[in-house]
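# Observations on the model geometry
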Amino acid sequence: MTGTRVGIDLGGTKVEGVRINAVGEVAVRRRVATPRRYAATVQAVVELVAALDPSGEAHVGIGTPGAWVESRRAMKNCNSTWLNGEPLFDDLNAALGGRVRIANDANCFALSEAQGGAGEGADVVFGVILGTGVGGGIVAGDRLLPGANSIAGEWGHTPMPYFRSAPGSPSEQRLAHRPCYCGRVDCIERFLSGPGLAATHAELTGTHEDAAAIPPDSPTLDLYTTMLARALAQIVNILDPDVIVLGGGVSNIARLTDDLPAKLPRYCFSYEGRTRIVRARYGDASGVLGAARLWPA
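First things first, this report covers the structure right here in the doc.

Calculation notes
Residues numbered from 1 in each chain as written. Predicted model: local features only at pLDDT ≥ 70, side-chain atom pairs only at ≥ 80, totals over all residues. Heavy atoms only, no water. Salt bridge = Lys/Arg side-chain N within 4 Å of Asp/Glu carboxyl O. Helix = DSSP H or I, 4+ residues; strand = E, 2+ residues; numbered from the N terminus. Buried < 20%, exposed > 50% of the residue type's maximum accessible area, 1.4 Å probe, protein only. Expected span 1.5 Å × (residues − 1). Contact = heavy atoms within 4.5 Å. Pairing = 2+ DSSP bridges. Axes fitted to C-alpha atoms, helices over the stretch in contact; angles between N-to-C directions.

### What to know about the pattern of salt bridges
Once the charged atoms of two side chains with opposite charge are near each other, the side chains can pair. A full pass over the atoms with the stated rule returns 12 salt bridges. Note that Arg230 is salt-bridged to Glu172, the shortest N-O span being 2.8 Å. Taken together, the residues span a long stretch of sequence, with Arg230 in helix α6 (residues 219–239) and Glu172 in the loop between β10 (143–144) and α4 (189–192) at a distance of 58 residues. Its relative accessible area of 0% is what places Arg230 among the buried residues. Measuring nitrogen to oxygen at the nearest pair gives 2.7 Å for the salt bridge that ties Arg255 to Asp259. Taken together, the residues span about one helical turn, with Arg255 and Asp259 both in helix α7 (residues 255–263) at a distance of four residues. By the burial criterion, Arg255 is buried, and Asp259 matches it. Where salt bridges share partners, they join Lys14, Glu16, Arg29 and Arg31 into one cluster.

Printed below as a string of structure tokens:
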């Protein structure tokens, strides 16, 4: 089993795992539903790892919704709120014999796409997750940058830029302020996540549809891509990445990569528009593959 790695993507609705063999190939893939209780979540991860790696020898990388706080030995900022304040890393390491590394799920996504994915060869990659929540991760020089407070890339919990004040978006005036579970109001996540997109569509049209079912030519998606461009412009102004890789379920909407290259430069400090915007190469598997990459091959 030398060189074998297990990657786990601990999501809000599912826990997905893969076992990667010594030459980097996915040998086994499994998923289970995520329990909405802490102890049951730990048990689900432990059982999934055992199913993927019966020998108990493989290194295990786990992508988590939130961040591990070393000084407090506890999780924070998890939209799977039952994990907040819990000693997840310590409990998993105790159960799995000290062979665990963890990182934020968006960081795992960014690492996967920077190393062999859609951002391969770029010096600075910003990985974006647009799914149940909104997250981000930064890879520079092929190295993951978690940040001093373990929140690098967490653009989803900054305010939506120019909310209800940007010219050219009259329909935005009809949107109500949205409180966020983090305690703030009008976070980017509340508008750009899948549930946020569905909420915007409901407010504008009175129609309740999942994000994936919204017609591609709808004014809702026009407003969504405009808001996404405004939000990503703040990242470009600060980080100026070579490439932005879009992942998560909402990223499958074709209009995003069609609209963003033209809309993004309007809100940036520079108009060159040289930042590439691409869809993730590994799709839904990016997070779990990046988790496995927390350990070297």
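### Quick notes on the environment of Gly24
With respect to the helices, strands and loops of the structure, Gly24 is situated in the loop between β2 (14–20) and β3 (26–33). The class of Gly24 is partly exposed, set by a relative accessible area of 44%. Gly24 sits 273 residues away from Ala297 along the chain, and the two C-alpha atoms are 7.5 Å apart.

### Concerning α6
The end-to-end C-alpha separation of α6 is 30 Å, in line with the 30 Å expected for 21 residues at 1.5 Å each. Extensive coverage of α6 is indicated by the burial of 15 of its 21 residues. Of the residues flanking the end of α6, it is Asp240, one or two places downstream, whose phi is positive at about 50°.

### Concerning helix α1 (residues 38–52)
Between its first and last C-alpha, α1 extends 21 Å over 15 residues, near the 21 Å set by a 1.5 Å rise per residue. Restricting attention to buried positions, one finds in α1 the residues Tyr38, Ala40, Thr41, Val42, Ala44, Val45, Val46, Leu48, Val49 and Leu52. Those residues of α1 that are buried are in contact with β1 (5–10), β2, β3, β4 (59–64) and α2 (88–95).

### Digging into the pairing of strand β8 (residues 124–130)
Among the seven residues in β8, seven count as buried, and that is most of the element. Across the two faces of β8 the burial is the same, with Val124, Phe126, Val128 and Leu130 and Val125, Gly127 and Ile129 all buried. Alignment of β8 against strand β9 (residues 134–140), held across seven bridges, turns out to be antiparallel. Note that in β9 the partner of Val124 across the bridge is Ala140. Counting the residues between successive antiparallel strands, the hairpin from β8 to β9 contains three residues. Pairing of β8 with strand β11 (residues 243–247), which is carried by five bridges, proceeds in the parallel orientation. In the sheet register, Gly127 faces β11, and the bridge partner there is Val245.

### Observations regarding unusual backbone geometry
Here Arg73, not a glycine, exhibits a phi torsion of approximately 55°, which is positive. Checked against the element boundaries, Arg73 lands in the loop between β5 (67–69) and β6 (74–76). Assessed through its relative accessible area of 32%, Arg73 is described here as partly exposed.

### Thoughts on the sheet that holds β4
Spatially, β3-β2-β1-β4-β7 is the arrangement adopted by the five strands of the open sheet, whose pairing is mixed. One side of each edge strand has no neighbouring strand; the edge strands of this open sheet are β3 and β7 (100–104). Looking at each pair of strands side by side, their axes are set apart by 15° on average, direction ignored. Lying on the sheet, α1 is in contact with β1, β2, β3 and β4; it crosses β1 at an angle near 150°.

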